[in-house]
There are 2 protein chains.
Amino acid sequence: MAAPSARSRRRADAERSIARIVSAARTLLSSDPNATTDDIAQAAGVGRMTLYGHFRTRADLVEAALTDALRTGEETLSSIDLTGDAGDAMTRLLASSWALVAESAALLAAAEGVLPEGRVRDMHAEPARRMAELIRRGQEQGAFRTDLPTTWLVSLVQYILHGAAAEVRAGRLPSDEAAYVVTRSVQSVLTG
Amino acid sequence: MAAPSARSRRRADAERSIARIVSAARTLLSSDPNATTDDIAQAAGVGRMTLYGHFRTRADLVEAALTDALRTGEETLSSIDLTGDAGDAMTRLLASSWALVAESAALLAAAEGVLPEGRVRDMHAEPARRMAELIRRGQEQGAFRTDLPTTWLVSLVQYILHGAAAEVRAGRLPSDEAAYVVTRSVQSVLTG
DNA sequence: ACTAACTCGTACGTTCATGTACGAGCTTTT
DNA sequence: AAAAGCTCGTACATGAACGTACGAGTTAGT
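Thresholds applied
Here the residue numbering is sequential within each chain, running from 1 through the sequence in written order. Written order determines the labels here, with chains lettered from A and ligands numbered from 1. The model is predicted, so local features are restricted to residues of pLDDT at least 70 and side-chain atom pairs to those at 80 or more, both for listing and for counting; the totals for chains, interfaces and linings are taken over all residues. Water and hydrogen atoms were dropped before computing side-chain values, which therefore reflect all heavy atoms in the structure. Residues count as neighbours in contact if any of their non-hydrogen atoms are within 4.5 Å of one another. Here's the idea: put two parts together, see how much 1.4 Å probe accessible area each one loses, and the total over both is what we call buried area. A pairing counts as a salt bridge when a side-chain nitrogen of Lys or Arg comes within 4 Å of a carboxyl oxygen of Asp or Glu. Each polar contact in these results corresponds to two N or O atoms within 3.5 Å; when the atoms are within protein, one needs to be able to donate a hydrogen and the other to accept it, and residues that are neighboring in sequence are counted only if both atoms are side-chain atoms. The numbering of helices and of strands both runs from the N terminus, where a helix is a DSSP run of H or I of at least 4 residues and a strand a run of E of at least 2. Note that Gly is not counted as nonpolar here; it falls among the polar residues with everything else outside the nonpolar set of Ala, Val, Leu, Ile, Met, Phe, Trp, Tyr, Cys and Pro and the charged set of Asp, Glu, Lys and Arg. Any residue with a non-hydrogen atom lying within 4 Å of a molecule or strand is treated as near it.

*Asks:* An account of the interface of chain A and chain B is requested, with residue identities and associated values reported.
*Replies:* The interface of chain A with chain B comprises 24 residues on the first partner and 24 residues on the second. At the boundary of chain A with chain B, total buried surface from both sides reaches about 2,100 Å², with 62% on carbon and sulfur atoms. Applying the counting rule to chain A against chain B returns two salt bridges. Residues Arg 184 of chain B and Asp 147 of chain A are paired through a salt bridge, measuring 2.5 Å at the closest nitrogen-oxygen approach. Our count for the contact surface shared by chain A and chain B stands at 10 residue pairs in polar contact (both at pLDDT 80 or more). Looking at the side of chain A that touches chain B, the elements with two or more residues in it are helix H8 (150-169) and helix H9 (175-191) of chain A. Considering every element that reaches the side of chain A that touches chain B, the biggest residue donor is H8 of chain A, with nine residues. Residues belonging to the side of chain A that touches chain B are distributed by class as follows: 12 nonpolar, five polar and seven charged.

Structure, rendered in structure tokens:
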């Protein structure tokens, strides 16, 4: 939700501070979901008071960080070609999704712990819609199974992605094998 | 780890208190992973001080509750027939595992947040070993795929179970469909 | 019954991050 | 250059759990 004009009463230096804070929040929270406002302000090279001048609560900040991550992600995902064979399209979508999920897993955990129930899911409406649509198209093509609810298949793909991220983090799955493993797993779960 | 003789200097009423506390902890933590020691003592019908007399820290208590849940679970799981066709055996194992996972998901989350890194996984050594062995047997039978690491397949089954539990909790998957959905999903992920 | 163990209330001390209040001094903007 | 907006330190208030200390009363074991 970049609002260049809606709230353009902000001065240029404020704009800069906000950007640095959000960026620092993304970075820090992506490695430690429990990073404090103090940590984040410090990493942003900004006083804690400045931070509170722009974000009333820690939750606000976490949400802003997640929003930013999602916006960035959308830039990548929205440019993927999802036409043609659904299986191939899924492979392409997964390759990009995997990187994004792995990168922001901890940030997501932070948001889940601080934002109101369901908010995080709502924020993922766009990527979820994209995935659901591709799966549905695959089902119509006869490439994907239809014996399980589409909703469940969408969720399942998410769980596989997050699971793989967790395995990599824990050192039980080499990160260079992850994309392959994710792709094969998702394909078999979608084709039945 | 029931130690009937190792520490039998405990009086009968103490034994009783401990049992009630652990039981209350299991129940409460299974619905709210953030239940406080106060909540638990109250639910156990015991003073908070009594609780602290038996468990030095909250972490100790959570661990005891999880240990108890796992012990109970083992009683069920160890009696399952895992011989014969690996696919069928897996179906039987999943049916029981599903119920256990769904029931204690929140307790698990509590433990994950409070116990040292890796402890929760270590405590699951026995069920993990059982699952791994069955998968390996299925691979030898030619029933299960061998193109993905067995370790990953074991983890993946866990993620599917926990994912389904989350979907049910969120009301996105009717609980009476869950077992079916889990079984089909796991089977297709294991057969490739 | 006598001793040791257990219960449990009240009260306190601790910790830690969150968020607020105030105000002096810098930047932008116009 | 003047006004408005921003920065940011210090200091404080808050709140939530955790965990400790003390001590009087109760219950079990032998």
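Okay, back to it.
*Asks:* I'd like a rundown of the protein's contact with DNA strand D, residues and numbers included.
*Replies:* Taken together, 21 residues surround DNA strand D, and among them Arg 11, Ser 17 and His 54 of chain A together with Arg 11 and Arg 58 of chain B come closest. When the atoms of DNA strand D within 4 Å of the protein are grouped by moiety, sugar and phosphate amount to 57% of the total. Note that a phosphate oxygen of DNA strand D is positioned 3.5 Å from one of the backbone N or O atoms of Asp 13 of chain A. Within the side chain of Thr 37 of chain B, a nitrogen or oxygen atom sits 2.9 Å from a phosphate oxygen of DNA strand D. Elements represented by at least two residues in the surface near DNA strand D include exactly helix H1 (12-29) and helix H3 (48-54) of chain A together with helix H1 (12-29) and helix H3 (48-54) of chain B. Broken down by class, the residue content of the surface near DNA strand D amounts to six nonpolar, seven polar and eight charged.

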